[in-house]
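# Descriptive structure summary
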Amino acid sequence: MKALLVITLLAAAAGSPVLAQEKQTAVANFVGEDGKQSGRAALTASKTGVLIELEISGLPANKWVAFHIHEMGKCDAAHGYDSAGGHFNPDKAEHGLLAANGPHAGDMPNQYVGQDGVLRAQVFNGMVTLDDKNAIRGRTLMIHENSDDNRSQPSGSSGKRLACAVVE
Ligand SMILES: [Cu+2]
């Protein structure tokens, strides 16, 4: 009888919306080149990947820019965000969504910055999770100054790192 009660309580806890939400969502606050907050992302896990909704201001207007997940969870503006390391690449693949032996799990399509210098996008990455296999919680989202050519090594000639956010 006691065992049955324990099982019932565990089941109730597992079904709790509060606990479920803790596992399935994350946020990331972007900092720009000057180290000041410049945007935000909301991340939601699904059965097959992670949806990333983002809005970032202060970017070069009317331009395609690269968007990646980088490996290390640190955004140090003073050193051009080198602190974030290379792309998140758990499978040791080549860089590039169109590369023969790619892509990195952290590779994602280029995004367009509007005339107001604001990037607004919803991007789905089916190669990662928030907390399970290929987890990205504790890693970084990165915007570069140029578009990614989707092929060249190691990072698609995407240039300087303009905005960085740790997934929390
Ligand atoms: Cu990058």
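Being a predicted model, the structure only gives us computed values, none of them experimental.

### Some thoughts on the coordination of the copper ion
Coordination sphere of the copper ion, protein contribution only: His68 (ND1), His70 (NE2) and His144 (NE2), at 2.0 Å. Between consecutive donors of the copper ion, the numbers of intervening residues give the motif H-x1-H-x73-H. Note on histidine 68: relative accessible area 0%, which makes it buried. Overall, histidine 70 belongs to the buried group, its relative accessible area being 1%.

### Digging into the pattern of salt bridges
All told, the structure shown has four salt bridges when counted by the stated rule. In this structure, arginine 120 and aspartate 116 form a salt bridge, with 3.3 Å as the shortest nitrogen-oxygen distance. With relative accessibility at 49%, the residue aspartate 116 sits in the partly exposed group. Through salt bridges with shared partners, a single network forms among Glu55, Asp116 and Arg120.

### Things to note about the sheet that holds strand β8 (residues 140-144)
Taken together, the seven strands give an open sheet; going across it, the order is β5-β8-β9-β1-β2-β3-β7, and neighbouring strands pair in antiparallel fashion. Two strands bound the open sheet, and with one partner strand each, they are β5 (67-70) and β7 (119-125). Taking each pair of neighbouring strands and ignoring which way they run, the sheet shows an average axis angle of 20 degrees. Both β8 and strand β9 (residues 161-167) contribute to a ladder of five bridges, which runs antiparallel. Bridge pairing in β9 links methionine 142 to cysteine 164.

### Some words on the pairing of strand β1 (residues 25-31)
Consecutive side chains of a regular strand alternate in pointing toward one face of the sheet and then the other. Across seven bridges, β1 lies against strand β2 (residues 37-46) in antiparallel orientation. Looking at the pairing, alanine 26 lines up with leucine 43 of β2. The antiparallel pairing of β1 with β2 creates a hairpin that spans five residues between the two strands, and glycine 35 there sits at a positive phi of about 85 degrees. Of the strand pairs in this sheet, β1 and β9 are connected by four bridges, and their pairing is antiparallel.

### Here's the deal with the packing of aromatic side chains
Tallied over the full model, the rule gives one aromatic pair. Ring centres 5.2 Å apart and planes at 65 degrees place the aromatic pair tryptophan 64 and tyrosine 112 in the edge-to-face group. Here the residue tryptophan 64 occupies a position in strand β4 (residues 63-65), and tyrosine 112 occupies one in strand β6 (residues 111-113), the gap between them amounting to 48 residues. Tyrosine 112 sits in the partly exposed class, given a relative accessible area of 39%.

Quick notes on the rules
- Starting from 1, residues in each chain are numbered consecutively following that chain's sequence as written.
- Note on the predicted model: pLDDT of at least 70 is required for a residue's local features to be given, and 80 or more for side-chain atom pairs to be given and counted; whole-chain, interface and lining totals, by contrast, use all residues.
- Side-chain measures here rest on the full set of heavy atoms in the structure, leaving out hydrogens and waters.
- Any N, O or S atom lying within 2.8 Å of the metal counts as a donor, with the limit raised to 3.2 Å for Na, K and Ca; because water is left out of the atom set, some sites can appear incomplete.
- Exposure is judged per residue with a 1.4 Å probe applied to protein chains only, and the accessible area is read against the type maximum: over 50% gives exposed, under 20% gives buried, and values in between give partly exposed.
- In the sections that follow, a salt bridge refers to a side-chain nitrogen of Lys or Arg positioned within 4 Å of a carboxyl oxygen of Asp or Glu.
- Any two strands are treated as partners once DSSP identifies two or more bridges connecting them.
- The helix count covers DSSP runs of H or I at least four residues long, the strand count covers runs of E at least two residues long, and both are numbered beginning at the N terminus.
- In this analysis, axes come from line fits to C-alpha atoms, helices being fitted only over the stretch in contact, and the angle between any two N-to-C directions falls in the range 0 to 180 degrees.
- Stacked, tilted and edge-to-face are the three classes applied to pairs of Phe, Tyr and Trp rings, where Trp contributes its six-membered ring and a pair requires centres within 6.5 Å; stacked means planes under 30 degrees apart, edge-to-face means over 60, and tilted covers the rest.

Everything listed is a geometric property; what it means functionally is a separate question.
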